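Residues per chain are reported as follows:
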Amino acid sequence: MFLSETPPVRAKKASPFSFYLRCIAVLIFCLLMAAVPAVAQLTPLNKLAGDERKKDKEEQSPAKESRSPEELRSSTTKQLKEAEALRDRAFLETAPMGITLDEQDERRSLVGMLITYLTMRLNSIESLEEARGERRLAEQEARSSVGQEGKPPYSILRLDEFRDAADVARVKVQGMESSLEMVKNEFSRLQKEAQRAEEANRRALEAQASAKTPEEAAQAAWRKELADLRVRVTALAYANANLRADVLTEGLITARARLAPLELQVERVSKNISFSQSDLDSVLQGLEAERGRLEKELKEILDHNPRNVALRTRIQAELDRARIGTGRDDGHARLLETGLRAVEAGIESNKVAVDVLTSLLTINQGLKVLWQLRYEAYANTDPEKRRVAYEQLRKSLERIRPWVPYTQRMLKVFRSQENDQDQRLATVLPANPSRQLELEILESYHKRRIMYERLNNVIEGAERNLLHWQKDFDVSRESRSFSQRLADGYAFLAYYAKRVCNFELFAVEDTVEVAGQKVTTSRGVTVGKSVGAVILFLVGYLIVSFAGRRMHSILVSRFSVDEQTSNVLRRWIVALAVFLLLILTLNLARIPLTVFAFLGGALAIGVGFGTQTLIKNFISGILMLLERKVRVGDIVEVEGIVGRVTEVDLRSSTVQGFDGVETLIPNASFLENRVTNWTYTSPKMRRMLRVGVAYGSPAHTVADVLMQCGKRHGLILNDPEPYVLLEDFGDSSIVFALYFWIEMLPNVNANQVASDLRYMIDKKFRELAIDISFPQRDVHLDTVRPLKIQVIPDDTGIPEG
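Summary of the structure given here. Predicted model only: the values in this text are computed from it and were never measured. (Residues numbered from 1 in each chain as written. Predicted model: local features only at pLDDT ≥ 70, side-chain atom pairs only at ≥ 80, totals over all residues. Heavy atoms only, no water.)

### Some words on the overall build of the chain
Right, on to step 1. Helix and strand content of the chain: 19 helices and twelve strands.
Right, on to step 2. Relative to its 801 residues, the chain shows a buried fraction of 35%.
Right, on to step 3. Sequence-distant contacts in the chain: of pairs separated by 6 or more residues, those separated by 24 or more amount to 74%.
Right, on to step 4. Carbon and sulfur atoms form 57% of the exposed surface of the chain, whose accessible area is close to 49,700 Å². (Helix = DSSP H or I, 4+ residues; strand = E, 2+ residues; numbered from the N terminus. Buried < 20%, exposed > 50% of the residue type's maximum accessible area, 1.4 Å probe, protein only. Contact = heavy atoms within 4.5 Å. Areas by Shrake-Rupley, 256 points an atom, 1.4 Å probe, with all protein chains shown as cover.)

Here's what the structure looks like:
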């Protein structure tokens, strides 16, 4: 047969390889023909699976489905009936030999899944029709909602209505988007499962084709039917996911169609709103009515608690008697234990309800305050009051935010408890006497969850309202005039500046006497006090410095006080004034002196050691000024330094040497060391000038010349008058000494006076031919004996020439 179908070729001798190929082809054909009877024995499921696989592939994208919903519903209903019939036959048919129990269980499971998926498909078709109807209705409502908000100005309560409706619609949109995203994420998984089912189906087909015996053919045909069923189930699951995605897409479009006009209405209404006192009163009345209902509900729970406690006590006592053996069986004890758990669950649920209701009452009271703050933010024209209202709203939002995750965590706990109890209840038979008690426990868990869902809704609503109010306040602030915004900005700036000024750096304790009793109070040192004290001190220091300079100029110009003395007085007076200014500044700034008590302990000891020398010099300077043993202008000798005192400052004094070099000497050195004050009682000081003349000079003439020169100099005092002494007969000269007195004023230089005298004496000595001697030495030679001359060789042995 195959040779007849082969195209004509040139006649040539057939090779052995082509002969083998033809034999293999004939063998495969025989196997296929043997498998035909086995295929004919398949149940109608093969045809059903093949047809449905083709239909499901066509229906994988319902958005492109050309058939109407009625046709889809009719086709799916027909398939569902066939699947149910298949399920009935599957329980009656016997699997071929060699089919495992797991494979039979899988087939029954796949048939059940097929029925479930077809039922879900019918529901999805109905949901799709409803979603499309809702979409058309929402689009009509959106077109007809234009202008329904009324005439401006709009009440703020009207804005809240539109905003709440928009929030609900927005949450629905978000839920639809999340669900659609989850369904889309399932597509890849379902596609992979469908691919694996197709691969398994092809392997089953290959196994069916390679079956040799009728038994193998029957097994392969059964497994091929199972593979077809698996392919159909996976394809139907993928098609259902697409259909579910279409339903969600229609629902998302519907939700967005309802959200858009609401957002537009919120935008239009928010631009022109009013908040009247009647609106506030209406809201407060509603909150008060809600508070009354909460208090009534709380009272009922509290009244019911004693009965539950008494019931728990009675059941506990009866359970104790049952456990110690009073003729009752173990079943009764277990029933009592379940009853005790039910009562305790009820008591715990009442505690949760009391906590939730108490929280709701607190929130209710807080909402009253928040509504009043909102009214202040809208209706009040005072920028400061609007700022306070806005700040309170912001703080309230920060306080309420942590409660949202807390209530959500508690909801997870209660849902878990409820699920656990629901699973426990599923294990209790309806005839069991403890089932009713387990139901009561489940009801208690359900009550806890409901109460916390109620609290969570209220907290989320409050948070959402606060966010809206804060946004409304920002929008209203931007719509104000420039002057109003400027006033608001100034109010905010003043508020934050006040917060910074009132920031407490630290607190100190101060003791005050009230009515003859010492009272210890705590005072805080704030940034404002510190900055104010610094500013006050700086201003006072500038005033004190100016007054010190003015006093200095007056002392010098009017009272003929010398510059240096006036400068020292100025510095000490300014230092004293600054110290008093510091005390006054601390008192005016209400900063107690005990603020420095924080320097206690080891820190105070360290500071004391560090400032010991400074304080010692400071006190020494004060003593020097009081005793006046060393004054400005005095010539002193201290620590080997000789000079004139030019300044006596807080820490040290300045001594200017006769060479012009100024030396800073600590004030304590004037009290601790030996000090020579050359001008302590009088500025007169005796000086001496020595002159040596050659031997043979007239001594009296030399003395007269020296005396005349001393008297002729203008800076040498006549009282006491100078005098001349012949002090010594030196080696080379006769030594005379001229003693004279000068007044050591600041403009008098003793060295210059001595130099002038030397010039005058030299001139006189030249006129009188008096020689000023210089060192001389007489050398006597002994000429009786000849001089001895000796040649001494050096180290090399060569005589020095």
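### A short note on the pattern of salt bridges
Right, on to step 1. If you walk through the whole model with that rule in mind, you get 39 salt bridges.
Right, on to step 2. Here the residues in one salt-bridge network are Asp167, Arg170, Glu263 and Arg464, joined through shared partners. (Salt bridge = Lys/Arg side-chain N within 4 Å of Asp/Glu carboxyl O.)

### Looking at the side chain of Asp279
Right, on to step 1. Its place among the elements puts Asp279 in helix H7 (residues 277–323).
Right, on to step 2. In this structure, Asp279 is buried with no salt-bridge partner, the nearest side chain bearing the opposite charge being Arg374 at 9.3 Å.
Right, on to step 3. Of note is the side chain of Asp279, whose polar atom sits 3.2 Å from the side chain of Ser276. (Lys, Arg positive; Asp, Glu negative; His and termini not counted. Polar contact = N/O pair within 3.5 Å; in protein donor to acceptor, adjacent residues only side chain to side chain.)

### A word on unusual backbone geometry
Right, on to step 1. With an omega of -5 degrees, the peptide bond running from Asp719 to Pro720 counts as cis.
Right, on to step 2. Mapped onto the secondary structure, Pro720 falls in the loop between helix H18 (699–712) and strand S11 (723–729).
Right, on to step 3. Even without being glycine, Glu639 reaches a positive phi, approximately 50 degrees.
Right, on to step 4. Examined against the element boundaries, Glu639 turns out to sit in the loop between strand S5 (635–638) and strand S6 (641–648).
Right, on to step 5. Here Glu639 falls in the partly exposed class, since its relative accessible area comes to 48%.
Right, on to step 6. A positive phi angle is found at Ala769, which is not glycine, with a value near 60 degrees.

### Overview of helix H6 (residues 214–270)
Right, on to step 1. Taking 1.5 Å of rise per residue, the 57 residues of H6 would be expected to cover 84 Å, and the 82 Å separating its terminal C-alpha atoms lies within 8% of that figure.
Right, on to step 2. For H6, the buried fraction is high: 40 of the 57 residues fall into the buried class. (Expected span 1.5 Å × (residues − 1).)

### Thoughts on helix H12 (residues 482–501)
Right, on to step 1. Under the 1.5 Å per step criterion, the end-to-end length of H12 is 28 Å for 20 residues, consistent within 8% with the ideal 28 Å.
Right, on to step 2. Buried residues of H12: Asp488, Ala491, Phe492 and Tyr495, and no others. Down the axis of H12, the smallest arc covering the buried residues is 95 degrees, so these residues share one side. Counted as exposed and oriented over 90 degrees from the buried face of H12: Phe482, Ser483, Leu486, Tyr490, Leu493 and Val500. (Arc of directions from axis to C-beta.)

### Some words on the sheet that holds strand S8 (residues 662–666)
Right, on to step 1. With respect to topology, five strands assemble into an open sheet ordered S8-S7-S6-S5-S9, the strand pairing being antiparallel. Each end of this open sheet is capped by a strand with a single partner; those strands are S8 and strand S9 (675–677). Neighbour to neighbour, the strand axes of the sheet diverge by 40 degrees on average, direction disregarded.
Right, on to step 2. With five bridges connecting them, strand S7 (residues 652–657) and S8 associate as antiparallel partners. Each residue of the ladder has a partner; that of Ser652, found in S8, is Pro666. (Pairing = 2+ DSSP bridges. Axes fitted to C-alpha atoms, helices over the stretch in contact; angles between N-to-C directions.)

### Here's the deal with the nonpolar core
Note on soluble globular proteins: their nonpolar side chains tend to be buried together.
Right, on to step 1. In terms of nonpolar packing, the biggest core is built from 40 residues, with Val356, Leu357, Leu370, Trp371, Tyr452, Leu455 and Leu466 touching the most fellow members.
Right, on to step 2. The leading source of residues in this core is helix H8 (residues 330–379), at 14 residues.
Right, on to step 3. Leave out the neighbours within four places in its chain, and Leu466 touches Leu370, Leu393, Ser396, Leu397 and Ile400.
Right, on to step 4. In this structure, Val724, Leu738, Met744 and Val753 belong to the second largest nonpolar core, which totals 25 residues. (Core = buried A, V, L, I, M, F, W, Y, C linked by side-chain atoms within 4.5 Å.)

### Let's talk about the side chain of Glu225
Right, on to step 1. Following the sequence through the fold, Glu225 ends up in helix H6.
Right, on to step 2. Here Glu225 falls in the buried class, since its relative accessible area comes to 4%.
Right, on to step 3. Polar contacts involving the side chain of Glu225 include one to the side chain of Arg107, which spans 2.9 Å.

### A look at the packing of aromatic side chains
Right, on to step 1. In total, this model carries seven aromatic pairs according to the counting rule given.
Right, on to step 2. Summarising the aromatic geometry, the rings of Phe275 and Trp371 are spaced 6.1 Å apart at their centres and angled 80 degrees between planes, so their arrangement reads as edge-to-face. With Phe275 in the loop between strand S2 (273–274) and H7 and Trp371 in helix H8, this residue pair connects regions lying 96 residues apart in the sequence. Here Phe275 and Trp371 have matching classes, each one buried.
Right, on to step 3. Here the aromatic rings of Phe414 and Tyr452 are separated by 5.1 Å at their centres, their planes lie at 55 degrees, and the arrangement is tilted. On the criterion of sequence distance, the pair formed by Phe414 in helix H10 (residues 403–426) and Tyr452 in helix H11 (residues 435–478) is long-range, its members being 38 residues apart.
Right, on to step 4. You can call Phe414 buried: its relative accessible area is 5%.
Right, on to step 5. The rings of Phe275, Trp371, Tyr375 and Trp469 are connected pair by pair, giving a single aromatic cluster. (Phe/Tyr/Trp six-rings, centres within 6.5 Å; stacked < 30°, edge-to-face > 60°.)

### Thoughts on the packing of H18 against helix H19 (residues 750–767)
Right, on to step 1. Relative to each other, H18 and H19 sit at 140 degrees, their axes nearing to 10 Å. With respect to their mutual orientation, H18 and H19 come out oblique. The interaxial crossing formed by H18 with H19 has right-handed handedness. Residues Val702, Val705, Leu706, Gln708, Cys709, Gly710 and Arg712 of H18 pack against Leu757, Met760, Ile761, Lys764 and Phe765 of H19. (Parallel < 35°, antiparallel > 145°, perpendicular 65-115°, else oblique. Left-handed = near helix turned anticlockwise from the far one by under 90°.)

### Some points on the environment of Tyr238
Right, on to step 1. Looking at where Tyr238 falls in the secondary structure, it is placed in helix H6.
Right, on to step 2. Note on Tyr238: relative accessible area 11%, which makes it buried.
Right, on to step 3. Residues Tyr238 and Glu193 lie 45 residues apart in sequence; the distance between their C-alpha atoms is 9.2 Å.
Right, on to step 4. One polar contact links Tyr238 to Gln191, side chain to side chain, over a distance of 2.9 Å.

### What about the sheet that holds strand S12 (residues 734–743)?
Right, on to step 1. Spatial strand order, S10-S12-S11: three strands in an open sheet with antiparallel pairing. Looking along the sheet, the strands with just one partner apiece sit at the ends: strand S10 (684–693) and S11. If you compare each strand with its neighbour and ignore which way they point, the axes differ by 25 degrees on average.
Right, on to step 2. Judged from the six bridges that link them, S11 and S12 form a sheet pairing that is antiparallel. Residue pairing for S12: Leu726 is matched across the bridge by Phe736.
Right, on to step 3. With respect to the sheet, H19 is in contact with S10 and S12, its orientation differing from that of S10 by roughly 35 degrees.

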